[in-house]
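Observations on chain architecture
Okay, here's what each chain looks like letter by letter:
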Amino acid sequence: MVKMNEMKHDYKIAVYPGSFDPVTFGHLDIIHRAANVFDKVIVAVLNNSRKNPLFTVEERTQLLQEVTRGVPNVEVDSFGDLLINYVAEKKAHVIVKGLRAVSDFEYEMQMASLNHKLNDKVETFFMMTSPQYSYLSSSIVKEIARYHGPVSDLVPLEVEAALRIKYTEDR
Ligand code: PNS
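With respect to the layout of surface pockets
Of the voids in this model, the largest pocket is the one considered here, and its volume is about 1,300 Å³. Around the largest pocket, the lining is made up of 42 residues, and of these Gly-18, Ser-19, Lys-51, Tyr-107 and Met-111 lie nearest the centre. Residue assignment for the lining of the largest pocket shows that the elements contributing at least two residues are strand 1 (13–18), helix 1 (25–37), strand 4 (94–99), helix 4 (102–118) and helix 5 (138–146). Sort the elements by how many residues they give to the lining of the largest pocket and helix 4 lands first, with eight residues. Considered class by class, the residues forming the lining of the largest pocket number 16 nonpolar, 17 polar and nine charged.

Description of helix 1
Between its first and last C-alpha, helix 1 extends 19 Å over 13 residues, near the 18 Å set by a 1.5 Å rise per residue. Regarding helix 1, the residues found buried are Gly-26, His-27, Leu-28, Asp-29, Ile-30, Ile-31, Ala-34 and Ala-35. Capping of helix 1 at its N-terminal end is provided by Thr-24; its side-chain oxygen lies 3.1 Å from the backbone amide nitrogen of Gly-26.

Cut-off values and rules
Residues numbered from 1 in each chain as written. Predicted model: local features only at pLDDT ≥ 70, side-chain atom pairs only at ≥ 80, totals over all residues. Heavy atoms only, no water. 1 Å grid on protein atoms, 1.4 Å probe; cavity = no way out; pocket = protein on both sides within 12 Å on 5 of 7 lines; lining within 4 Å. Points joined across faces, edges and corners; volume = space filled by probe spheres on them. Helix = DSSP H or I, 4+ residues; strand = E, 2+ residues; numbered from the N terminus. Nonpolar A, V, L, I, M, F, W, Y, C, P; charged D, E, K, R; others polar. Expected span 1.5 Å × (residues − 1). Buried < 20%, exposed > 50% of the residue type's maximum accessible area, 1.4 Å probe, protein only. Polar contact = N/O pair within 3.5 Å; in protein donor to acceptor, adjacent residues only side chain to side chain.

And the structure:
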């Protein structure tokens, strides 16, 4: 039988995975709050060619590094594997996810259950996105930026500049 204290981890590493195409204030809110709870937070960018992202994995990673520079216990990395394998490889025991609304719940619950089935030593922790960002998504940001609308309330300056360059190239 596993004793309770054998299951405890002194140094708590959490992985916050996502596409981050691009990172928004909603993501940053979760990153800052998770960094207050865990010893280390690894923001893991999915290398997802199938999703046809606007920004390359290198661009998404670099933007995340720029906007999290001030948070010492946050590390940015990318992965192209099954999330649960990546989490084990990093010796982390927690996956952090943000929940914006009830509409996120069903899919996230399915992912959390599947991940727990694949590795029951890893727990998924959900954080409620702060209400002021509950409507926010990378897709919405891209939609507004594509038509040259204002995104300064939605993303950091670095991301706003990167979006402007992407969508000016299109013109
Ligand atoms: O920001 P997103 O696109 O909602 O993030 C989705 C992400 C990266 C968390 C999810 O697609 C994922 O974990 N992908 C890695 C592949 C994997 O492990 N899939 C099975 C999950 S049960």
